[in-house]
Amino acid sequence: MRRGQTVILNLVAVAALGGFLWLAEGNFDGYKIQILNLIAINIILALSLNLIYGFTGLFSLGHAGFMAIGAYICSILIMTPDQKDMLFLLEPAYDWVQNAQAPFLVAVLAGGLVAAAIGALVGFPLLRLGDDYLGIATLGFAEIIRVLANNFPRLTNGALGFKGIPDYANLWWNFGWCLVTLYVIVRLLKSNTGNVLKAIRDDEAAARAMGVNVFRYKLLSFTVGAFFAGVGGALLASLLTTIDPKMFLFTLTFNILMIVVAGGLGSLSGTVMAGIGITVLLEWLRVVENPVDIFGYELPGVPGMRMVVFSLALIMIILFRREGLMGMRELHWQSLFKVFSRGRA
Amino acid sequence: MAGDVILATSDVTMRFGGLAAVTDLSLAVRRGTIAGLIGPNGAGKTTCFNMITGFYKPTMGTIVFDGQEVTGLPPHKVCKAGIARTFQNIRLFGNETVLENVMIGRHLRQKTSWIDAVLFTPGYLREDKAMRAHCLELLAAVGLADLADEQASSLAYGAQRRLEIARALATEPSFLLLDEPAAGMNPQESEDLMGFVRTIRQDFDLTILLIEHDMKVVMGICEHIWVLDYGVTIAEGAPEAIRRDPKVILAYLGEEGGLHA
Ligand SMILES: Nc1ncnc2c1ncn2[C@@H]1O[C@H](COP(=O)(O)OP(=O)(O)OP(=O)(O)O)[C@@H](O)[C@H]1O
Ligand SMILES: [Mg+2]
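Residues numbered from 1 in each chain as written. Chains lettered and ligands numbered in written order. Predicted model: local features only at pLDDT ≥ 70, side-chain atom pairs only at ≥ 80, totals over all residues. Heavy atoms only, no water.

**Regarding the confidence of the model for chain B**
Residue and element names in this part refer to chain B. Rules: pLDDT: the predictor's confidence for each residue, scored from 0 to 100. A helix here means a DSSP run of H or I that spans at least four residues, while a strand means a run of E at least two residues long, and both kinds are numbered starting from the N terminus.
In the predicted model, chain B carries a mean pLDDT of 93, and the fraction of residues at 70 or more is 96%. The lowest-confidence element of chain B is helix 10 (residues 246-256), averaging 79 in pLDDT; the highest-confidence one is strand 8 (residues 175-179), averaging 98. The ipTM value of the predicted complex is 0.92, and its pTM value is 0.92.

**Brief notes about the site of ligand 1**
Residue and element names in this part refer to chain B. Which entries qualify depends on this criterion: Only heavy atoms are used to decide nearness, and a residue is near a molecule or strand if one of them lies within 4 Å of it. We call two N or O atoms a polar contact when they sit within 3.5 Å, provided that within protein one can donate a hydrogen and the other can accept it, with sequence-adjacent residues counted only if both atoms are side-chain atoms. Shrake-Rupley sampling with a 1.4 Å probe provides the accessible areas, and residues are treated as covered by the protein chains on show and by no other component. In this classification, Asp, Glu, Lys and Arg are treated as charged, Ala, Val, Leu, Ile, Met, Phe, Trp, Tyr, Cys and Pro as nonpolar, and every other residue, Gly included, as polar.
The full set close to ligand 1 counts 14 residues, and Gly-42, Lys-45, Thr-46, Thr-47 and Gln-88 are the nearest of them. Contact between ligand 1 and Lys-45: an oxygen atom at 2.8 Å from a side-chain N or O atom of the residue. A distance of 2.7 Å separates an oxygen atom of ligand 1 from a polar atom in the side chain of Thr-46. Within the complex, 66% of the 640 Å² of free accessible area of ligand 1 lies under protein. Listing elements by their share of the shell around ligand 1, those giving two or more residues are strand 2 (19-25) and helix 1 (45-52). The greatest single-element share of the shell around ligand 1, amounting to three residues, is contributed by helix 1. Tallied by class, residues from the shell around ligand 1 come to five nonpolar, seven polar and two charged.

**Let's talk about the nonpolar core**
This is how it is decided: To define a nonpolar core, start from buried Ala, Val, Leu, Ile, Met, Phe, Trp, Tyr and Cys residues and group those joined through side-chain atoms within 4.5 Å. Summary of the burial criterion: residues with accessible area below 20% of their type's maximum are buried, those above 50% are exposed, and those between are partly exposed, where the area comes from a 1.4 Å probe applied to protein chains only.
Ranked by internal contacts, the top residues of the largest apolar core, which has 112 residues, are Phe-66, Val-108, Phe-162, Val-212, Leu-235, Ile-243 and Phe-248 of chain A. Judged by nonpolar contacts, the second largest core, of 50 residues, contains Cys-135, Ala-159, Val-217 and Val-227 of chain B.

**What about the coordination of the magnesium ion (ligand 2)?**
Residues and elements named next belong to chain B. Basically, it comes down to this: Only nitrogen, oxygen and sulfur atoms within 2.8 Å of the metal, or 3.2 Å for Na, K and Ca, are treated as donors, and water is left out, so sites may look incomplete.
Every protein donor of the magnesium ion (ligand 2) is listed here as Thr-46 (OG1) and Gln-88 (OE1), and their distances to the metal cover 1.9 to 2.1 Å. With a gap of 42 residues between them, Thr-46 in helix 1 and Gln-88 in the loop between strand 7 (83-85) and helix 3 (98-106) connect regions that are remote in the sequence. Gln-88 sits in the partly exposed class, given a relative accessible area of 36%.

**Some thoughts on a nonpolar patch on the surface**
Residues and elements named next belong to chain A. The test is simple: Two distance rules govern patches: like charges are joined within 9 Å, and nonpolar side chains (Val, Leu, Ile, Met, Phe, Trp, Tyr) within 5 Å, applied only to residues with over 30% relative accessible area and no salt bridge. Counted as salt bridges are all cases of a side-chain nitrogen of Lys or Arg within 4 Å of a carboxyl oxygen of Asp or Glu.
A cluster of nonpolar side chains, namely Val-288, Val-302, Met-305, Val-308, Leu-312, Ile-315, Met-316, Leu-319 and Phe-320, defines an oily patch on the protein surface of about 840 Å² accessible area. With respect to the helices and strands, the residue Ile-315 is situated in helix 15 (residues 305-320). The class of Ile-315 is partly exposed, set by a relative accessible area of 47%.

**Remarks on the interface of chain B and chain A**
Stated formally: Two residues form a contact once any of their heavy atoms are found within 4.5 Å. Simply put, the buried area is the total loss of 1.4 Å probe accessible area from both parts when two parts are fitted together.
On the side of chain A, 29 residues touch chain B, which itself brings 30 residues to the contact. Between chain B and chain A the total buried area reaches about 2600 Å² when both faces are included, carbon and sulfur atoms providing 62% of it. If you look at where chain B meets chain A, you find two salt bridges. A salt bridge links Asp-203 of chain A to Arg-91 of chain B; the shortest N-O distance between them is 2.8 Å.

As C-alpha cells, then:
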C-alpha cells in the first residue's frame, strides 16, 4: 500500500472518530461519556508504558508517580487563586502555588514536562540498574512521590488533596491528547531511533557493539514515557475534579500494566484495543462489588473484588497467552483489508 | 598508508579472579590485511575481541587503534572509532526485520533525530530514504536483498551469519573483527565464505582480524596469524611458518589431534 493511501485512510479514521465523539456527546448519558473519557486517558497511559517496557525492555513500575506529578502540576495551574485560598486549610499555599495560573493546554503540557524532567532526573541513576532492580526502584520512586504529596501541604494540601478542579478534560481534549500521544509514539518508533530502542530490548550487548549508547537511549525512552504519563495524570485530575495522594497507589500502575500486557508488549494497536476492552470491563465489573440478588438470596458485595478478578485475569494471560492479544504485531490497514477480503471469499 | 599498523595491543592482560584468560598479548595488525587469531578452545581468543571492542577492560596493557588509545573505552565509542565485530554465538535483533537490523548499524552516522521524524522535516525524509537505500545495497552486497523484510530470527543459519556481517558493515568500520565466521558451515560454504571475506575487505577498504577453528579457512585467507594457548601467545607469523611450528602442533595435538589443513 502506498504512503498516500495510508495517510488518507488515517485521516478518514480520525474523522470517523470525530463524528463518533460528536454523536456520543449529544446522545450518551454522563456515565457512558465518563467511560469514553477514561478509555482515552488509559490509552495514553498504556501507550507510554508500552514505550518504556514493551519497546525498550525497561521494567518500570513508576507510572503512578509520573501521573501524580502531572495531576498536581496541572491542577495547581487551572484552579483559580480564590479556589486555592479556600482549599488550603491546613497551611496556606506557597505564593507561587497560590498565584500560578495557566490555560488548560499549557497546564497539561506543564504537567507532562515536569513529569519528564523528574523522569530524566530519577532515570539518571536508576537506568544503570539491572532489570529486576529497576522495577523495585521505580516502584519505590512512585511511593516516594506519594509520601511527598502527603507531607508538603503548602504545595499539595497534604492528605486532603484538591477538590473542585475545573472539569475542562472533555471528550475532545482527552481524545485529542490520545491522538497526539499515538502519533508521536508511532513516529518515534518508526524512525531509526525506534529500531535502536527495540535493539536494546532484544540484545543489549549486540546493541552496544553496534555503537548504541544504551544509557542515552534508555533515558530518552523513559523520559518520553514519563512525559505522556504526566499528561495522562493531568487529564485524569481534570476529569475526576478531585485528587489526593491515596489515588496514586500502586493499583493505578497495575491497571495500566495490565492493559499493556493484555494488548501485547511491543504492540501499539494491541494497547489501543486492550485499553478500550479493559476500561470497559473495569467499569462493568463494578457490579461484582455491589450486592447482588440471586433467586431471592442477597449476596453481599465484596469491595475490591474486581481487582481480584483482574489479577486472576492477568495471571491467566501470563500463563496461557504470554504474548497478549497482539504479541509484537501491529494492525495495519493492509492486514485489515486482507481479513475483510478473506471474509468475503 | 597501506602497510602501517592499524591496531596495536601492548602487553594486554585479562584476569578473571585467579584465572589469567589472556597474558601479555601484543598484536600488531597491518592496515588492509586479513589476520587470524587461533588457538584451542578456551585459549582466550574471544576475550581478546571483548577487550579490543570495550566489553572487557584489560587488567593491564594498552590498545591503540589508528593512533588513538581505545583502552577501556565503552563499546559504543570503540564502534564509533571504527571497529565493528560479529559474535561467536550469533547475536541478531531477532524481533526486527533483516533491513531494520542493518539500519540500527547506521544510527551512528545519522544526522536527524526522532524529533525530525515527528515533525516530518524534509531533511529527515531525505536522510531516511537514503539510509534505507544504502542498507538495501549492503544487504545486496551480502546476498540478502530478497530477505530484507523477513524477521531476522527466521533466517537460516548461514544467512544469519551474513546478516551479522552486513550489520557490522553498516557502522562504516575500518577494522572488522569476525569471531568464528565459518562455524557450522560445510566445506563448500566455508569456501564461499573465504571469497566473501576477501571481497568485503576489497570493497569496504577493511582490515580484518578473524578467529577461526577451520584451518583451511585460516591458512587460506590470513596473511598473518597469532596463536594463543592458555592465554599466552605461543607463535606468530605467516601461515606457512605457523603450520610447521612445533609449539603450535603440540598445542593442537593436545586438544584435537593436530592441524588439518
Ligand atoms: N567474563 C568471564 N568471566 C570469567 N571467566 C571468563 C570470562 N570470559 C571468559 N572467561 C574464561 O576465559 C577463558 C578464555 O575464554 P575465551 O572465550 O576467550 O576462549 P576462546 O579462545 O574464545 O574459546 P572458544 O574457542 O571455545 O571460543 C576461558 O577459560 C573462559 O572460561
Ligand atoms: Mg571464543
